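As a plain string of letters, each chain reads:
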Amino acid sequence: MNCKYFTALLILLSSCKRVKQSDDSLYSNHLQRNVKLHILHTPPPSDRSLFNLLIINDGQDLEKLRVKETLDSLYKAEKILPLVIIGVEPGDRMQEYGVAERPDYLNRGSKASLYDAFINNELYPYAKKESGVRKFQSVAIAGCSMGGLSAFDIAWNHPDKISKVGVFSGSFWWRDKASEDSSYSDEKNRIMYSKLKASRKKPGLLYWFYAGAAEEKGDRDKDSIIDVIDDTKDIIQLLEKKNLVAPEGIVYKELPGGIHDYISWSQVFPEFLIWAFPARH
């Protein structure tokens with residue numbers, strides 16, 4: 001075989017495995033704004049129904065999360081399934097992120113219901129159309145901090161579409177009363193916790209949680225465990241107590257030196273992707 005032809009063929013074959021990236025925008029009637037989208041995908045499989053979908057909150061920070069490099073590396077190593085990732089940029093994240101229909105005590109999260117509706121009614125159909133699929137093999141949603149709380153709530157509200165959720169340092173402290181208030185109660189006033197506790201739903205979701213041991217110094221209950229870990233573990237224990245998921249349906253990851261930033265989140269992001277979309281050999 002001609003050496004030049006062979007080299008060109010190798011380049012062509014390697015490029016076929018390369019992750020593609022593009023930007024787009026989608027006008028949302030719910031949010032009344034253009035929503036910026038950052039889209040990455042592995043090479044399309046011959047059967048597009050084998051495509052999976054991951055929606056990530058705070059799409060403007062995909063580079064900080066090292067999403068493209070991670071996706072490219074894991075797919076080339078045949079560790080994950082064919083995947084479409086859509087990073088969604090928020091408008092006012094302190095209003096659009098939160099728990100649907102339950103703003104916090106400062107009325108933050110007032111547009112969380114509208115953002116939820118955007119994901120369910122507008123982004124999901126857009127993703128199917130643009131990917132050329134009638135139904136994805138599986139759908140997951142993920143986010144960090146407030147974006148993690150939002151992802152958890154949206155997955156909880158729409159288990160008919162979403163099967164897995166990844167929460168990186170989720171803001172499960174989100175509350176409807178100031179913690180300094182003498183009548184404040186972790187059990188009653190943490191919004192997501194109380195929503196789960198009162199719910200009779202049994203969504204068939206799988207959960208992946210991360211918290212860093214060096215994220216903060218806050219310790220409301222003075223048990224020498226920082227709040228982000230306490231709040232995350234309380235959600236996990238409640239899910240287990242209500243028999244909402246089998247123990248193997250929950251993954252909890254903790255980094256001893258992990259802080260509240262994208263450097264720490266990017267370190268565990270590959271593990272999340274492999275858990276959510278494991279290649280079948």
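Cut-offs and rules
- Residues numbered from 1 in each chain as written.
- Predicted model: local features only at pLDDT ≥ 70, side-chain atom pairs only at ≥ 80, totals over all residues.
- Heavy atoms only, no water.
- 1 Å grid on protein atoms, 1.4 Å probe; cavity = no way out; pocket = protein on both sides within 12 Å on 5 of 7 lines; lining within 4 Å.
- Points joined across faces, edges and corners; volume = space filled by probe spheres on them.
- Helix = DSSP H or I, 4+ residues; strand = E, 2+ residues; numbered from the N terminus.
- Nonpolar A, V, L, I, M, F, W, Y, C, P; charged D, E, K, R; others polar.
- Axes fitted to C-alpha atoms, helices over the stretch in contact; angles between N-to-C directions.
- Parallel < 35°, antiparallel > 145°, perpendicular 65-115°, else oblique.
- Contact = heavy atoms within 4.5 Å.
- Polar contact = N/O pair within 3.5 Å; in protein donor to acceptor, adjacent residues only side chain to side chain.
- Core = buried A, V, L, I, M, F, W, Y, C linked by side-chain atoms within 4.5 Å.
- Buried < 20%, exposed > 50% of the residue type's maximum accessible area, 1.4 Å probe, protein only.
- Pairing = 2+ DSSP bridges.
- Left-handed = near helix turned anticlockwise from the far one by under 90°.
- Salt bridge = Lys/Arg side-chain N within 4 Å of Asp/Glu carboxyl O.

Brief notes about empty space enclosed by the protein
(1) Moving on: Under the counting rule described, the total for this entry stands at one cavity of 30 Å³ or more.
(2) Moving on: Taken as a whole, the largest cavity spans an internal volume of roughly 50 Å³.
(3) Moving on: Contributing to the lining of the largest cavity are Ile 55, Ile 119, Asn 120, Tyr 124, Ile 154, His 158, Lys 161 and Ile 162.
(4) Moving on: A total of three residues in the lining of the largest cavity trace back to one element, the largest contributor, which is helix H4 (residues 112-131).
(5) Moving on: Residues belonging to the lining of the largest cavity are distributed by class as follows: five nonpolar, two polar and one charged.

Quick word on the packing of helix H7 (residues 191-198) against helix H8 (residues 227-241)
(1) Moving on: In contact at an axis separation of 10 Å, H7 and H8 are set at 5° when each is read in the N-to-C sense. Overall, the two elements H7 and H8 adopt an arrangement that is roughly parallel. Within the contact between the two elements, H7 uses Met 192, Tyr 193, Leu 196 and Lys 197 and H8 uses Asp 234, Ile 235, Leu 238 and Leu 239.
(2) Moving on: Of the residues contributing to the contact of H7 with H8, the split by class is six nonpolar, no polar and two charged.

Some thoughts on the layout of surface pockets
Rolled over the atoms, a probe as big as a water molecule pinpoints where empty space is left.
(1) Moving on: Considered as a void within the structure, the largest pocket measures approximately 170 Å³ in volume.
(2) Moving on: What lines the largest pocket is a set of 13 residues, and nearest its centre among them are Gln 21, Leu 40, Leu 62, Glu 63 and Lys 68.
(3) Moving on: Put simply, the parts of the chain that give the lining of the largest pocket at least two residues each are strand E1 (20-28), strand E2 (33-41) and helix H2 (67-76).
(4) Moving on: The element contributing the most residues to the lining of the largest pocket is H2, with three residues.

As for unusual backbone geometry
(1) Moving on: Notably, Glu 78 is not glycine yet its phi reads approximately 60°, a positive angle.
(2) Moving on: Here Glu 78 shows up in the loop between H2 and strand E4 (83-88).
(3) Moving on: Positive phi, close to 55°, is recorded for Ser 169, a residue that is not glycine.
(4) Moving on: Following the sequence through the fold, Ser 169 ends up in the loop between strand E6 (164-168) and helix H6 (186-189).

Re the environment of Arg 190
(1) Moving on: Here Arg 190 is to be found in the loop between H6 and H7.
(2) Moving on: Remark: the alpha-carbon pair of Arg 190 and Asn 120, spanning 70 residues in sequence, is separated by 25 Å.
(3) Moving on: Those residues in contact with Arg 190 that sit more than four places away from it in its chain are Phe 172, Trp 173, Trp 174, Arg 175, Tyr 184, Ser 185, Arg 220, Asp 231 and Asp 234.
(4) Moving on: Here the side chain of Arg 190 touches Asp 231 through a polar contact of 2.8 Å, side chain to side chain.

Remarks on the nonpolar core
(1) Moving on: One finds Ile 86, Val 88, Leu 123, Phe 152, Tyr 207, Phe 209 and Leu 239 to be the most contacted residues of the largest nonpolar core, which totals 50 residues.
(2) Moving on: When neighbours within four sequence positions are excluded, Ile 86 is seen to be in contact with Leu 37, His 38, Ile 39, Leu 53, Leu 54, Ile 55, Ile 56, Leu 123, Tyr 126 and Ala 127.

A look at the pairing of strand E3 (residues 52-57)
(1) Moving on: Of all the six residues making up E3, six are buried; the element is thus mostly covered by neighbouring parts of the structure.
(2) Moving on: The side-chain alternation of E3 yields two buried faces, one formed by Asn 52, Leu 54 and Ile 56 and the other by Leu 53, Ile 55 and Asn 57.
(3) Moving on: As judged from the six bridges shared by E3 and E4, these two strands associate in the parallel manner. For Asn 57, the partnering residue across the bridge sits in E4 and is Val 88.
(4) Moving on: Summarising the sheet, E3 and strand E5 (residues 139-144) pair through four bridges and their orientation is parallel. Considered in E5, the bridge of Leu 53 is made with Val 139.

Section: the packing of helix H5 (residues 146-157) against H7
(1) Moving on: At a minimum axis separation of 11 Å, H5 and H7 run at an interaxial angle of 15°. Put simply, H5 runs roughly parallel to H7. Where H5 crosses over H7, the two elements pack in a sense that is left-handed. Each of Leu 149, Phe 152, Asp 153, Trp 156 and Asn 157 in H5 lies in contact with H7, whose residues at this interface are Met 192, Lys 195 and Leu 196.
(2) Moving on: For the contact of H5 with H7, the residue count by class is five nonpolar, one polar and two charged.

Concerning the pattern of salt bridges
(1) Moving on: Tallied over the full model, the rule gives 13 salt bridges.
(2) Moving on: We note a salt bridge from Arg 93 to Asp 58, for which the minimum N-O separation is 2.7 Å. Here Arg 93, found in helix H3 (residues 93-96), pairs with Asp 58, found in the loop between E3 and H2; they are 35 residues apart in sequence, far enough to count as distant.
(3) Moving on: By relative accessible area, which is 25% here, Arg 93 ends up partly exposed.
(4) Moving on: Here Glu 69 ties to Arg 66 by a salt bridge, and the two come within 3.6 Å at their closest N and O atoms.
(5) Moving on: Residue Glu 69 is classed as partly exposed on the basis of its relative accessible area, which comes to 39%.
(6) Moving on: On the basis of relative accessibility, which here comes to 42%, the residue Arg 66 falls in the partly exposed class.

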